[in-house]
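# Coordinate analysis (summary)
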Amino acid sequence: MAAHRATATFLLLAVLLAAGCQPSAPPSGPTGPTKTPGAKGSGSKTGSKSTTPTPKPTSTPDTPVASEFKFNPAGQLHANSGQGDADPTIYAPGMRFPIEKPRAFANSQVWGHGGLHGPGGECDAENYGYPWSDNFCETRDFTAPLCPAGTGHQGQDIRPNSCARDKYIAVAAEAGTITHIGTFTVYLNADSGRVFRYLHLDMHNLKVGLGDKVARGQAIGYVANDFGTTQTTIHLHFEIRETVTDGTATITTFVPPYTSLVDAYQRMLAGEK
Amino acid sequence: MEHRKMAATLRRMTSIALASTFLGLATIALAQQRTPVQPAPQAPIRVKEIDWARARQAAQAPTTPKARQFITLNRQAIDALRLPVLLPQDPDLATPLRLFPRGDSYTVSAKLTKFAFTLTGSRQAFHLPPEAVKRLPPGGLKSRLPADGILVEKTESGIDASHVRFGVNYSISLECADGPKDPRCADERYVRGLISRLAVVVPAHGE
């Protein structure tokens, strides 16, 4: 009898411990193909439409529920938006998710609601829901050596929790130095040798200055829609740039950020700071 | 009596072992579900030896007064670097230039009205993971390079150009507020011209 009680106790303990280890969200994996949002969007100067966002808040609640997080696999782009890169490698292992708090939504600006090829306005609730979608290599005429076409979108677009400008903070993915502050980009040269580029922040309200040393997770600025002398949708365009070699040549170029972001987001949902 | 005690102990131990196994399996399962899909690439490595002789020879070329001024002001930081330093000589870029040294790499950057310039030199590179290599066209990364070895990339913010010199990879980024309306970002001849005019500085200690 005692043995049975002991067995039951241990099993209960095991279950409780297992539950405690679990990210407050159950592990999520790639979902199957999902319904793709409409199509028209902005986001890039090539084929962008200048959008003046209507600050109509979405109904997305502020409390993240980790179990709801779903993402499409790497390389699965919005329908008819080009050929993605299915490379599953996490290029920046351990990096901090570049927006301070969940929720955030990786998806297409150009093919999503409010984009050049998407319907409606950017504040549509469909832009602020899961699953995530990769948009590295999405059709552009930008050079991208690691994309199947040799050209494409060189980063990942991430919407914050709602279509509100200057509400959500972008943070340092890794420790490093701020080496470039342009008219709508900030470069973080990480101690790891990677360069993280943050586009479309509110450039008049940055939390860092040129030459600042930043810690992983330190605030950089507010997610906004700055785009030089025009505007884009409210989102963070996030890039990882590395010098890479395959033995035939060494080049400095953009590497796929999507899987690193999925990994970082899952860790953040699980409570990692 | 003794036999019953031993049997009970044995049952207890079996239960503990079963529970531990269950706990272990549950933890492993969770870890697997949370595990990244692929191992991360290794830390960056030095790809090539630096051709210091060629760098020293190139450093003999005359430089503009603005470039010389910058070198004088930053001599100590440059001398701490472990790679040849390339710098823009054009007065508009050399004047507001800032240097960010980091041993095997450095960055210089300048911000002008509606235009920004950044140059990073690094003697380190990441091995491209096998999953990426197998997706490259025949001939690998080299097949993505033009004959002159300068990779020019039009970007969302402007234009980037990278090339290898003296065994070091140098990458220039230009950002234009007016996007493709600014010829410095629209026409790659500007960035190629910048590359051809870069001053070469060799740290005092070299290697």
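Going by the structure above, here's the rest.
Below you will find a few notes about this structure.

The rules behind the values
- Residues numbered from 1 in each chain as written.
- Chains lettered and ligands numbered in written order.
- Predicted model: local features only at pLDDT ≥ 70, side-chain atom pairs only at ≥ 80, totals over all residues.
- Heavy atoms only, no water.
- 1 Å grid on protein atoms, 1.4 Å probe; cavity = no way out; pocket = protein on both sides within 12 Å on 5 of 7 lines; lining within 4 Å.
- Points joined across faces, edges and corners; volume = space filled by probe spheres on them.
- Helix = DSSP H or I, 4+ residues; strand = E, 2+ residues; numbered from the N terminus.
- Nonpolar A, V, L, I, M, F, W, Y, C, P; charged D, E, K, R; others polar.
- Contact = heavy atoms within 4.5 Å.
- Pairing = 2+ DSSP bridges.
- Axes fitted to C-alpha atoms, helices over the stretch in contact; angles between N-to-C directions.
- Buried < 20%, exposed > 50% of the residue type's maximum accessible area, 1.4 Å probe, protein only.

## Quick notes on the layout of surface pockets
Here the largest pocket is characterised by a volume of approximately 430 Å³. Taken together, 32 residues form the lining of the largest pocket, with Asn189(A), Val195(A), Ser105(B), Thr107(B) and Thr120(B) sitting closest to its centre. Take the lining of the largest pocket: its biggest share by element is four residues, from strand E5 (residues 115-122) of chain B. Of the residues in the lining of the largest pocket, the class split is nine nonpolar, 17 polar and six charged.

## Observations regarding the environment of Val202(B)
As for its position among the elements, Val202(B) is in the segment after strand E10 (199-201). Leave out the neighbours within four places in its chain, and Val202(B) touches Trp52(B), Ala55(B), Arg56(B), Ala59(B) and Arg75(B).

## Considerations on the sheet that holds strand E8 (residues 158-165) of chain B
Residues and elements named next belong to chain B. Reading across from one edge, E3-E4-E5-E9-E8-E7 is the order of the six strands in this open sheet, with antiparallel pairing throughout. The open sheet terminates on both sides in strands that have one partner only, identified here as strand E3 (98-102) and strand E7 (151-154). Here the average twist between neighbouring strands, direction ignored, is 15°. Inspection of the sheet shows E5 paired to strand E9 (residues 168-176) by eight bridges, in the antiparallel sense. Note that in E9 the partner of Thr118 across the bridge is Ser173.

## Side note on the pairing of strand E4 (residues 176-181) of chain A
Residue and element names in this part refer to chain A. Taken across its six residues, E4 has six buried, putting it largely inside the fold. Here five bridges tie E4 to strand E5 (residues 185-190), and the two strands are oriented antiparallel to one another. Counterpart to Gly176 in the pairing with E5 is Ala190. Hairpin connection from E4 to E5: three residues lie between these consecutive antiparallel strands. With two bridges joining them, E4 and strand E7 (residues 213-214) adopt antiparallel strand pairing. Bridge assignment links Thr177 to a residue of E7, and that residue is Lys213.

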